[in-house]
Every structure is written in C-alpha cells, then in structure tokens.
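Structure assessment
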Amino acid sequence: MSKPTSARHERQKHFRYDVVGICTALLLTAISLFLLLRLWTFHPHIPIAYEGDGLLTLSAFRNIQLSNWYLTSRNLGYPFGQFLQDFPAVADGLSLLYAWLLVKILRDPVLAFNLFYLSSYLLVAAGGYVGCRLMTMKRESSIGVALLFAFLPYHWMHGAGHLFLSMYPLVAISIAVLIRELTRPEAENEGDSSLPRRSLPYVLLGLAIGASGLYYAVFFLVILTAAIFMKVSSTGRFTRVWLMCSVGVGTVAALGFQFAYIFVWQQRNGPNLDTVKRGAFEVEYYSLRLLDLLRPIPQHRLSFMANFGTKAVSNYVPGEAAAFLGTVGVVGVVVILMSLLSMRSDPPMGTILGPLSRLFLVLFVASSVGGLNQVIATLGFAQIRVWSRSSVFLGFMSLVAFFLLIERLMRNKSSAALTLVVGVIVLVGILDTNRVIPRDAYSKTSNEWHNDRKLIAEIEKMFGPGARVLQLPVLKFPEQGPTMGIQDYAQLRGQLHSASLCWSYGAVQGRDNGRTVRWKGTSVAGILAEARTSGFDAVWVDLPAFADGGTDESSQVAAVTGASVLEDSLHRVRVFDLRTDRSQKRLSCQD
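Everything numeric in this text was worked out from a predicted model, so none of it was measured.

1. With respect to the packing of aromatic side chains
All chains considered together, the criterion is met by 23 aromatic pairs. Ring centres 5.2 Å apart and planes at 35° place the aromatic pair Y121 and F151 in the tilted group. Of this pair, Y121 sits in helix α4 (residues 109-134) while F151 sits in the loop between α5 (139-150) and α6 (153-158), placing them 30 residues apart in sequence. Note on F151: relative accessible area 1%, which makes it buried. Aromatic pair F219 and F393: ring centres 6.0 Å apart, planes at 85°, arrangement edge-to-face.

In structure tokens:
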C-alpha cells in the first residue's frame, strides 16, 4: 500500500473514531439535559424565560418574525417605533443569524427561543469535544470535558435570560487553537511557503470568534495577545506567530464589520447619549474574584456545601455571581497553580499544561478586581464591564487541566478503566454544578403566559386590531431596572401575544422626542391628555409596579376615563378605555 493511500486510511480511521466520540458526547448531553431540566414537564410553545432580559431577547425574536430583523419594530414605542441601533447586540452576529434561521423555519418565535437555548448545550458540548481533540487529549477525557463544559454553572445561571451568552462553543475551540500553536514544533513552519494559504482557516475562525459575542471576542483577544508574546519570547522570531495573528485579524475584522453599520447609522441619525451609560465603578462591581470561582453553587444539593457557599458570599462586591467552576474545576485550578509554581522543564502531563496555565493566569489577572480591566475602564472603555464572564474561558482551561491529571494517573490503565473513571467524574461533576429543578418549575411561567394571552386577546376584541395601548407606569427603555413588583422589560410582554396592537413602551430613550423624560415628570391627567392627542385607545396599568398595588394610579386614571373595563385573572393589570368616541372606527396603528 502506497504512503498516500495509507495516510488516507489513517485519516478516515481517526475521523470515524471522533464521529463516535462526538455522537457519544451529544447523546449524553441530551439525556442529561432532559433529566436536569425536567423537560417532560416543559411546554415548547411557552418560553423557558418570561421575565427580565429573557423578555428583551424574546422581543428580538418577535421583531425578527414581524420585521425580518431584530433592530426595528412598528409595534413598540408608538408612535415612534423601536430602533435598537442605539442598543444593539453588536457582536452577536452568529447567534442572531441562528435565531433568524430558527424563527423563519419554525415560524414561532417562542419555539425558536426555546430551541436556541436547549440546542446551546449540544453545541457547547460539541465545541468542547473538538477543542480537546485538537489538543490531542484522549477521546474519553474529551467526552468528560465536553459534558462538564456544557453544564458549567455559567450556562444555566445565565440561562435563557442571557440567551446569547449561553452559546459559547467557540470558546473551547479558540483556546485549543492557541495551545496547538504554542506547542507546535519550531521546525514545522520553517521555510513553509504555504503559510498564507494555511492561514485562511485561521482567519475564518477569527471571523467566527468576532461574531460569537463581544465579551468572548475581547477575552479571546486578551489571551491571544499573551500567546503571541509567549511564542515570540520562546522563539525570538515573529514569523512563528503568523497563524495566531491570522486569527486575531479575523476577530478584529468581524468586530469592525459589525460595528460599522451601527456607527454609520448613528452618524446619520446623530448620537444618543441617553440610552445606556457605563462607568468604571460598574467594571469593578462585575469583576472576577477568585472566591467566586472556588465556592459551591447556590442551592447546592449537599446542605453543608450550600451553607459554605452562602457564608462565602461577599456583601461588598457581589458581582454577577455566575463564575462557579464546581469541584472538578477547582481541582483543575489547583493543578494549574502547581504547574505555574513548578520549576521542571519536562512537565509530567505533557506540553499542553504549561501554556494552558499561563493563559489561565493572564486572563484571570486581566479579569479580577483591580486588574487590567480596571485600567481599560479608566481609559474610557467601560462598555466591557462584566469581566467575570471570563470564567467560561477559565472553566474550560481548568477542566482540561483536571482531565490531563486523570490521563496522567491512568496512563497505564486500560481504555475501559479510563472510561469508567471519567463516567463517575462526569456524573458527580454534573450533580455538583447543577441545582435541583422543582417539580413545578414551569407552572408559574405557564400561568403568567396564559393569563397575558387571554387578557390581550380581550383587548384586541374590545378595542379592535391595531389599537394603541398606553402603558403605565412610564418606564425607560432600555435598562430601567426593577420597578417595585415588576422586573425590567416586563412591559414587552404584550408584543409577544399580538401582532397588531401597538404599545407605548419600547421606544429607545433619546429617540422619543423626550417623551419618556417628560411623562415621568407629568401628572396622570397630563399624560392621559397627551396620550389622547397622540391617538392612544387604551390604558394598561401594571398594578405591582406601584407601592400601593396601583390603587391610587387606577383612581387617577378612572377619574379621566371612567372605571376599568378589563382586569386579568391574576389581578396584575387593569385596562381602561381612553377613547372619547367609542363608536368611531379608527385606522390601525400600523397604517
């Protein structure tokens, strides 16, 4: 058999080997997901997240359905409409494209939203497996890392609320590519005239990383810079970092392309300084702490672990509280620290652990309280504020370190023995990092969903399709924050249940002719008078948003409009008729 034929058969053998490995990882992830999230009690047409940032993302899916893209809506912010160019998901191009495809194929934004979240576990597991195999880890270890990486606390704690953060399969692959380049033999690229051609896949990977999320792109650029310096310092030649630089070029190019549209739009329409303001103090608040990586998750299955985790909570700098690594990850961190402190030139766990440990250290220092992140924020770049999200990078690196230790300890054991050990570790690790889901976990969301759907159907019937609904209290969009008993973005719920009604909430502050600011300082009677002039038909009062349960607000509205005409079954909303001539037919708000 000729050498080319032999090489081809070897590649096919490795390919089949890894197909079995990745399918095993996906199957085990799907089974674990089904059991952990109690999916047999879940209804796919009811959103898995129906409050806070989850509503903002659901609204984006609804915008895609009604307007073909997430940036605009005629149903929100009446009569101005909603234009999210001042508050864009600017570097989430891949997630937005995936969302667009799901909405267009399924024709149901809620089903698309749920499938996006559930499929993120499978895609992250696949990314974790591929990353490990790129670093030449054994298949059994790669499956173990893939499963624990998919079920990091970071994943379910951000959950469907921070939907695009849940899609992080490229994190593992990007780290693996850097490790491969750092451990590549120096002579391999010597005199290689094909480097420009070989750099194309690296550029494409960089483009994908730059479109996988702003935080992930920035964190990658941090460790990429460190990797380049490490490679140059070890070889003394910049020619050795050609391929790594290619990934960086692709990442920066993708970020620049996505920012370009927003920049051009804002140049044409003027800047909006009232939308969202960030400060250096927020960067400190959301920075990473070593304790957050090490302590157990809240509501841990074991009471003594849960108590320890509660005692370790800081009242001074609580941050985002989603950086937990779990016991397996913590042991991995210890392995990394031992590697950093080791003076041996021949590392006992191969060549991977050394550069992996140094990248871990660089990113940890950059992300920690008072670290490089604070320097960057002081220089005026405070938009990247939640540096604790780098824990997903650190989590993958710590899991790899742990399983490198397992491979070292099991180096003389059979494949079956390694499989058994990895299986036990994965089982314990997943239970350690995932809380118990209550039996009625989805009932509250289901009740609220059906309650809102019924009420909004009654509004459409009473006021007609295309009616205009004024929502009280007047809330800023975006990032008002919780208001008494309602969460941020709660007033977006109406759009999810009606394609014809128009809602006052949702116009970006600064693009609404000052209406939000003006109405916040106006009496109820003044707001209603202006709303009538603007053509509003109904008044929607969110009762839990007021300290007295909306009693006084309802009385003030009723003094102008008469008694309420509708109230939901959960007694959270009252609807009033603002029309002066109820017999007159009016044009739809979208005409």
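2. Some points on the pattern of salt bridges
Counted according to the given criterion, the structure contains twelve salt bridges. Across the pair E448 and R493 runs a salt bridge, and its minimum N-O distance is 3.0 Å. Of this pair, E448 sits in helix α19 (residues 443-463) while R493 sits in helix α20 (residues 493-497); the two residues are 45 residues apart in sequence, bridging distant segments of the chain. The exposure class of E448 is buried, given its relative accessible area of 11%. A residue is classified by how much of its surface remains accessible, and R493, at 12% relative accessible area, is buried. Members of the salt-bridge network, linked through shared partners, are K444, E448, D452 and R493.

3. Quick notes on the packing of helix α17 (residues 391-409) against helix α18 (residues 415-433)
Where α17 contacts α18, the two axes come as close as 11 Å, and the packing angle between them is 145°. In this structure, α17 crosses over α18, and the sense of that crossing is right-handed. Along its contact with α17, which presents F402, F403 and I406, the element α18 presents L418, V421, V422 and I425.

4. Some details on the pairing of strand β5 (residues 538-542)
Of all the five residues making up β5, five are buried; the element is thus mostly covered by neighbouring parts of the structure. A two-sided burial pattern is seen for β5, the buried positions comprising A538, W540 and D542 on one face and V539 and V541 on the other. Pairing of strand β3 (residues 468-472) with β5 involves four bridges; the strand directions are parallel. Its bridge partner lying in β5, L470 is registered against V539. Both β5 and strand β7 (residues 573-577) contribute to a ladder of five bridges, which runs antiparallel. Its bridge partner lying in β7, V541 is registered against R574.

Conventions and cut-offs
- Counting of residues starts from 1 at the beginning of each chain's written sequence and follows it residue by residue.
- In keeping with the model being predicted, local features are shown solely for residues with a pLDDT of at least 70 and side-chain atom pairs are shown and tallied solely at 80 or more, while totals for entire chains, interfaces and linings include all residues.
- Calculation of side-chain values draws on the structure's entire complement of heavy atoms; hydrogens and water are dropped beforehand.
- For Phe, Tyr and Trp, where Trp contributes only its six-membered ring, two rings pair if their centres lie within 6.5 Å, and the inter-plane angle classes them as stacked under 30 degrees, edge-to-face over 60, or tilted in between.
- Secondary structure elements follow DSSP: runs of H or I of four or more residues count as helices, runs of E of two or more count as strands, with numbering from the N terminus.
- With a 1.4 Å probe rolled over the protein chains alone, any residue whose accessible area is under 20% of its type maximum counts as buried; one over 50% counts as exposed, and the rest are partly exposed.
- Salt bridge, as used here, is a side-chain nitrogen of Lys or Arg placed within 4 Å of a carboxyl oxygen of Asp or Glu.
- Each axis is a line fitted through C-alpha atoms, taken for helices only over the stretch in contact, and angles between the N-to-C directions span 0 to 180 degrees.
- The crossing is said to be left-handed when, going from far helix to near helix, the turn is anticlockwise and less than a right angle, and right-handed when the turn is clockwise.
- Note on definitions: a residue-residue contact is assigned when non-hydrogen atoms from the two residues lie within 4.5 Å.
- In this analysis, strands are considered paired if DSSP registers two or more bridges between them.

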